[in-house]
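Below are the chains, spelled out letter by letter.
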Amino acid sequence: MKRIIQIVDTYAYGDAIGNHVTAIYKKLKELGYDTATYANYIDSRLANYAQHLNEYCDDSDDIIFYHLSIGCALNRMVTRYKGKLVINYHNITPAHFMAPYNANYVKIIESGYADTYYLADKAAAVIADSDYNGNELRKMGYKCPIFTVPIIVKYDDYQAEPDSLVMNRYEDGIKNIVFVGRIAPNKKQEDVILDFYYYNKYFNPQSRLILVGNYNNGIESYYLKLKKYANKLGIKNIVFTGHIRFKEILAYYRVADLFLCESEHEGFCVPLVEAMYFDVPIVAYDSSAVGETLGEAGILLKEKNHPLAAAVMDQVIKDNSLQEEMKKQGKKRLSYFQSGKHIYRMIDILSSI
Amino acid sequence: MFEIVINQAKENLALKKIPETEVRFSELPIPVLYGKFIWNASRGIRLIKRVIGK
């Protein structure tokens, strides 16, 4: 039997790609596959699931399942191994979003795109998280088979107990508008803030905006600018959580009355699926893979019209029957991602290469 | 399938006549940060010794 070797540059705990890698590893093991995961950087909490890349002894029969999402030396080095290369493309945030805030990030992103072009004729196949990601590679000249298989989300984890302090603090009758995602210019938190400004001022002053996400990430100047912006707009009810524990994230989903997404670049957008899981009605701007992931499970805004977004938020929050319908659609969409068939399809693709 | 909600929202908005804010995110200066960037395996690039410019 061929070995299936997962390789990722940074194997991080709790992020979407790290969870995805772990889920695939566990399923491969459960099914009796010969498998291993190698990485340059391994979070100590994942030490049981991966080894350092230096320990990898390659074999021409290996299937190398390489997770590509950022610029790094490994993107080119991975072609030197003897096995067949299958890329799992998670997308790379376009550099122009970061350009005003961090020149180092821009360099990393640009090298990531250059590497992705370089790999175009070296991969035996690609598994993309979304059609959006797959189409991006087709435009970059990839001729190998490209399959769309959604990122694997660990739903069992969401059943954990949410943080009681967060629950107690924010379950106070004030409507909580929530967005979850690292504080980053492509996520357009400034547009979420502006939507909220109109909603809070002209529709419902008994409301609060909670931006859940890490801001200590090399683009702190963007975070500081967001704070200044909220201040200039006179918004008082805004919370930046920063990097928080998983059970706190669960609590913010549980207290959320509406999930608002204005992101302009997502390769998949796991928080949309999480919001569906927690029955939170979703209003989102239609960009990149957002519409594809959302499907019929939320309200998709086709334009950046902030007063209109606020009016839509008001419609949703005031109308219980609309919320129920949105939750129903959310559950239907969730069952598509949740079904478990995707991980088997991924493994079928890998074992057939 | 929720187009009707957007249409209703448009009608409500037309009645409200909301003035547009003059505060523009794009017109605000980007705070200047001085410091040293390091690579952190679990959290990506991080800034240490941060100083915020005026």
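For the structure itself, consult the block above.
Since this is a predicted model, take the numbers as computed values, not measurements.

(A) Inspection of the overall build of chain A at higher detail. Looking only at helices and strands, one finds 14 helices and 13 strands in chain A. Against the 2.2 N^0.38 benchmark of 20 Å for 353 residues, chain A shows a C-alpha radius of gyration of 21 Å, consistent with a compact globule. Dimensions of chain A along its principal axes, counting C-alpha atoms only, are 65 × 40 × 35 Å. A buried classification covers 62% of the 353 residues belonging to chain A. Taking the intrachain contacts of chain A between residues at least 6 apart in sequence as the baseline, contacts between residues at least 24 apart amount to 68%. When the 41 basic and 42 acidic side-chain charges of chain A are each reduced to a single mean position, those positions are 2 Å apart.

(B) Representation of the interface of chain B and chain A in the model. Contacts between the two partners involve 33 residues from chain B, matched on the other side by 46 residues from chain A. Of the roughly 3,700 Å² buried where chain B meets chain A, counting both sides, 70% is carbon and sulfur surface. Between the two partners, chain B and chain A, sit 0 salt bridges. Put simply, chain B and chain A have 6 residue pairs in polar contact (both at pLDDT 80 or more) between them. Only helix H1 (3-16), strand E1 (33-40) and strand E2 (44-52) of chain B provide two or more residues apiece to the side of chain B that touches chain A. Tallying contributions element by element places H1 of chain B first for the side of chain B that touches chain A, with 8 residues. Tallied by class, residues from the side of chain B that touches chain A come to 21 nonpolar, 5 polar and 7 charged.

(C) Spotlight on the nonpolar core. Residues and elements named next belong to chain A. In this structure, Ile7, Tyr142, Ile193, Phe259, Ile299 and Val312 are the most contacted members of the largest nonpolar core, which totals 121 residues. For Tyr142, the residues in contact, after removing those within four places along its chain, are Ile87, Thr116, Leu119, Ala120, Val126 and Leu137. Formed by 18 residues, the second largest nonpolar core is a distinct cluster that contains Tyr33, Ile343, Met346 and Ile347.

(D) Layout of the sheet that holds strand E13 (residues 299-301) of chain A. All names here are of chain A. Spatially, E10-E9-E8-E11-E12-E13 is the arrangement adopted by the 6 strands of the open sheet, whose pairing is parallel. Of all the strands in the sheet, just strand E10 (238-240) and E13 have a single pairing partner and so form its edges. Averaged over all pairs of adjacent strands, the angle between strand axes in this sheet comes to 20 degrees, irrespective of strand direction. Across 2 bridges, strand E8 (residues 175-180) lies against strand E11 (residues 258-261) in parallel orientation. Paired with Val178 across the bridge in E11 is Phe259.

(E) Representation of the sheet that holds strand E7 (residues 146-148) of chain A. Residues and elements named next belong to chain A. If you trace the 7 strands from one edge of the open sheet to the other, you get E3-E2-E1-E4-E5-E6-E7, paired in parallel fashion. The open sheet has two free edges, formed respectively by strand E3 (51-52) and E7, since each of these has just one partner strand. Here strand E2 (residues 34-42) pairs with E3 via 2 bridges, running parallel. The residue of E3 that forms the bridge with Tyr38 is Gln51. The strands touched by helix H1 (residues 16-30) are strand E1 (3-11), E2, strand E4 (63-68) and strand E5 (84-89); relative to E1, the strand with the most contacts, the crossing angle is about 160 degrees.

(F) Focus on the environment of His96 of chain A. Among the secondary structure elements, His96 of chain A is positioned in helix H3 (residues 95-98). As a C-alpha pair, His96 of chain A and Tyr336 of chain A span 240 residues in sequence and 33 Å in three-dimensional space.

(G) Focus on the packing of aromatic side chains. Inspection of the entire model under this criterion finds 23 aromatic pairs over all chains. With centroids separated by 5.9 Å and ring planes inclined at 70 degrees, the aromatic side chains of Tyr25 of chain A and Tyr49 of chain A adopt a geometry described as edge-to-face. Placement of Tyr25 of chain A in helix H1 and of Tyr49 of chain A in the loop between E2 and E3 is noted, with a sequence separation of 24 residues between them. Judged by its relative accessible area of 26%, Tyr49 of chain A falls in the partly exposed class. For the ring pair Tyr198 of chain A and Tyr202 of chain A, a centre distance of 6.3 Å and an interplane angle of 25 degrees mean the geometry is stacked. Of this pair, Tyr198 of chain A and Tyr202 of chain A both sit in helix H7 (residues 189-202), 4 residues apart, which is roughly one turn of the helix. Residue classification places Tyr198 of chain A among the buried residues on the basis of a relative accessible area of 2%. Site record: aromatic cluster; members linked through ring pairs are Tyr155, Tyr158, Phe179, Phe246, Tyr253, Phe259, Tyr277 and Phe278 of chain A. Geometry around Tyr118 of chain A places Arg76 of chain A over its ring, the cationic atom sitting 4.4 Å from the centre. Over the aromatic face of Phe203 of chain A sits the side chain of Lys16 of chain B, whose NZ or CZ is 4.8 Å from the ring centroid.

(H) Region of the structure containing the pairing of strand E12 (residues 282-285) of chain A. Residue and element names in this part refer to chain A. Residues of E12 alternate between two faces, with Ile282 and Ala284 on one and Val283 and Tyr285 on the opposite face, all of them buried. Bridge count for E11 against E12 is 3 bridges, and the pairing is parallel. Among the inter-strand pairings, Cys261 is bridged to a residue of E12, identified as Ala284. Tracing the backbone out of E11, into helix H10 (residues 270-277) and back to the parallel element E12 gives a crossover that is right-handed. Taken together, the 3 bridges between E12 and E13 define a ladder with parallel strand orientation. Following the sheet pairing, Ala284 is matched in E13 by Leu300.

(I) Main features of the pairing of E4 of chain A. Residues and elements named next belong to chain A. Within E4, 6 of the 6 residues are buried, leaving the element largely enclosed by the surrounding structure. Taking every second residue as pointing to the same face, both faces of E4 are buried, with Ile63, Phe65 and His67 on one and Ile64, Tyr66 and Leu68 on the other. Bridge count between E1 and E4: 4 bridges; the pairing is parallel. The residue bridging Ile4 from the neighbouring strand is Ile63, located in E4.

Rules and cut-offs
- Residues numbered from 1 in each chain as written.
- Chains lettered and ligands numbered in written order.
- Predicted model: local features only at pLDDT ≥ 70, side-chain atom pairs only at ≥ 80, totals over all residues.
- Heavy atoms only, no water.
- Helix = DSSP H or I, 4+ residues; strand = E, 2+ residues; numbered from the N terminus.
- Rg over C-alpha atoms; globule rule 2.2 N^0.38 Å.
- Buried < 20%, exposed > 50% of the residue type's maximum accessible area, 1.4 Å probe, protein only.
- Contact = heavy atoms within 4.5 Å.
- Lys, Arg positive; Asp, Glu negative; His and termini not counted.
- Charge placed at Lys NZ, Arg CZ, Asp CG, Glu CD.
- Buried area = accessible area lost by both parts, 1.4 Å probe.
- Salt bridge = Lys/Arg side-chain N within 4 Å of Asp/Glu carboxyl O.
- Polar contact = N/O pair within 3.5 Å; in protein donor to acceptor, adjacent residues only side chain to side chain.
- Nonpolar A, V, L, I, M, F, W, Y, C, P; charged D, E, K, R; others polar.
- Core = buried A, V, L, I, M, F, W, Y, C linked by side-chain atoms within 4.5 Å.
- Pairing = 2+ DSSP bridges.
- Axes fitted to C-alpha atoms, helices over the stretch in contact; angles between N-to-C directions.
- Phe/Tyr/Trp six-rings, centres within 6.5 Å; stacked < 30°, edge-to-face > 60°.
- Lys NZ or Arg CZ within 6 Å of the ring centre and 35° of its normal.
- Right-handed = clockwise from strand over helix to strand, strands pointing away.

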